[in-house]
Amino acid sequence: MALKATNSDQRRLLTLQDVDTRIVRLQAKAKALPQTKRIDELDALLATLDRAVLERLGAHDDASAEVARIESDVQTVEARLARDRERLLVVKDAKTATATEHEIETLERRRSTLEDLELEAMQVQEDAAAALAAARAEVAQAREERDRLAAERAEVAAGLERELAEARAERADRVKAVPADLLALYDRQRERYGIGATLLQHRTSAASGVELNASEMHQIRQAAPDDVILDPNSSAILVRTEESGL
C-alpha cells in the first residue's frame, strides 16, 4: 500500500532537507579545513628537518671531539717540551744534551703540525655549528607556522562544531512534527541517495535539475494530494507545491 501523508507534512520535509543539507556541508567543511593540507606538509617537513638536526648535531659533536683530541695532544706535547727544556738546562752529558735537543725539535715540529690541524678542526667545528644553528632555525620556523595553523584550524573547527550543534538541535526539533512513517521513508532515501526530499518546481526536480517528461507529469497529476511519490530521477520524495506547475 502506497504511503500517504498530508501535503503540509510533506512540505515539512523540505525544511528538514535544508537542515540536513546544511549539516552535510558543515561536516564536509570540518573534514576539509584549508589548514589541514599545509599542516600535513609541515609535519612531513618537520620529520625531515628533525633528522637533519640530529645529523648536524652528530657532525658538530664529532668536530668538537676532534678539536678536544687535538688540544689534548697539543697539551701533551707542550708538557713534554717544558720537561725537556728544563732537563736541557741541567744535563751535563753532551750525548744526552744532543738527544734532548733533537727531541725538542721533533716536538716543536709536532706541535706546529698539531696547531695547524687544530685550526682546521676548529673551522670544521665552526661550520658544523653554523649548519646546526641553521637547521634548528628551519625547525623553529616550520614549527611556528604549524602551531599557528593548528590554532587557526582549532578555532575554525570549534566554530563549525557550534554550527553543527545548532543545526542538529534544529533538526531534532523539526522531526518532531513529521509522521514516523514519512520520516522513515525520508531518512531511508536520504541515506541511499543523498537527498530525502526535493521540491517539484515548474515541472523540474530541484534535486536533479531534470525536467519531468509528459508521462511522468501525467502520473503526478493523477496522484492524490496526500500520495507520497518519489522523484524518478533523484529517488527523493517529490514534494508538490503551488510552484510545481501542475
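Values in this document were obtained by computation on a predicted structure and should not be read as measured data.

**Notes on the overall build of the chain**
Turning to step 1, where the next piece is worked out: Counting its regular elements, the chain contains 5 helices and 3 strands.
Turning to step 2, where the next piece is worked out: In the chain, the order of α-helices and β-strands from amino to carboxyl end is α-α-α-α-β-β-α-β.
Turning to step 3, where the next piece is worked out: A compact globule built from 246 residues would reach a C-alpha radius of gyration of about 18 Å, whereas the chain, at 42 Å, exceeds it by more than 25%.
Turning to step 4, where the next piece is worked out: Viewed in the frame of its principal axes, the chain has a C-alpha envelope of about 135 × 35 × 25 Å.

**Focus on the sheet that holds strand 3 (residues 237–240)**
Within a sheet, adjacent strands bond to each other through the backbone by hydrogen bonds, running parallel or antiparallel.
Turning to step 1, where the next piece is worked out: Taken in spatial order, the 3 strands line up as 2-1-3 in an open sheet, and their pairing is mixed. Edge positions in the sheet fall to strand 2 (204–205) and strand 3, since each of these pairs with one other strand and no more.
Turning to step 2, where the next piece is worked out: With 4 bridges connecting them, strand 1 (residues 197–201) and strand 3 associate as parallel partners. Looking at the pairing, L199 lines up with V239 of strand 3.

**Observations regarding the nonpolar core**
Turning to step 1, where the next piece is worked out: Core analysis: the largest hydrophobic core is formed by 15 residues, its most contacted members being L13, L182, Y186 and I237.
Turning to step 2, where the next piece is worked out: Top element by residues in this core is helix 4 (residues 180–193). It accounts for 4 residues.
Turning to step 3, where the next piece is worked out: Leave out the neighbours within four places in its chain, and Y186 touches L13, L16, Q17, D20, R171, G196, A197 and I237.
Turning to step 4, where the next piece is worked out: Listed in part, the 10 residues of the second largest apolar core include L42, V53, A135 and V139.

**Here's the deal with the pattern of salt bridges**
Turning to step 1, where the next piece is worked out: The tally for this structure, following the rule as stated, stands at 23 salt bridges.
Turning to step 2, where the next piece is worked out: Two residues, D50 and R143, come together in a salt bridge whose shortest N-O distance is 3.6 Å. Note that D50 is positioned in helix 2 (residues 34–90) and R143 in helix 3 (residues 94–174), a separation of 93 residues in sequence.
Turning to step 3, where the next piece is worked out: D50 sits in the partly exposed class, given a relative accessible area of 32%.
Turning to step 4, where the next piece is worked out: The partly exposed category is assigned to R143, whose relative accessible area is 36%.
Turning to step 5, where the next piece is worked out: Ionic contacts of the salt-bridge type, sharing partners, join the residues D20, R171, D187 and R190 into one network.

**Considering a negative patch on the surface**
Turning to step 1, where the next piece is worked out: A contiguous patch of negative charge, built from E78, E115, D116 and E120, is present on the exposed surface.
Turning to step 2, where the next piece is worked out: In terms of residue count, helix 3 provides more of the negative patch than any other element does, 3 residues in total.
Turning to step 3, where the next piece is worked out: What makes D116 partly exposed here is its relative accessible area of 44%.

**Some thoughts on the environment of S8**
Turning to step 1, where the next piece is worked out: Counting through the fold element by element, S8 comes out in helix 1 (residues 7–31).
Turning to step 2, where the next piece is worked out: Separated by 232 residues in sequence, S8 and R240 place their C-alpha atoms 9.9 Å apart.

Analysis parameters
- Residues numbered from 1 in each chain as written.
- Predicted model: local features only at pLDDT ≥ 70, side-chain atom pairs only at ≥ 80, totals over all residues.
- Heavy atoms only, no water.
- Helix = DSSP H or I, 4+ residues; strand = E, 2+ residues; numbered from the N terminus.
- Rg over C-alpha atoms; globule rule 2.2 N^0.38 Å.
- Pairing = 2+ DSSP bridges.
- Core = buried A, V, L, I, M, F, W, Y, C linked by side-chain atoms within 4.5 Å.
- Buried < 20%, exposed > 50% of the residue type's maximum accessible area, 1.4 Å probe, protein only.
- Contact = heavy atoms within 4.5 Å.
- Salt bridge = Lys/Arg side-chain N within 4 Å of Asp/Glu carboxyl O.
- Patch = residues over 30% accessible without salt bridge, like charges linked within 9 Å, V, L, I, M, F, W, Y side chains within 5 Å.
- Areas by Shrake-Rupley, 256 points an atom, 1.4 Å probe, with all protein chains shown as cover.
- Lys, Arg positive; Asp, Glu negative; His and termini not counted.
- Charge placed at Lys NZ, Arg CZ, Asp CG, Glu CD.

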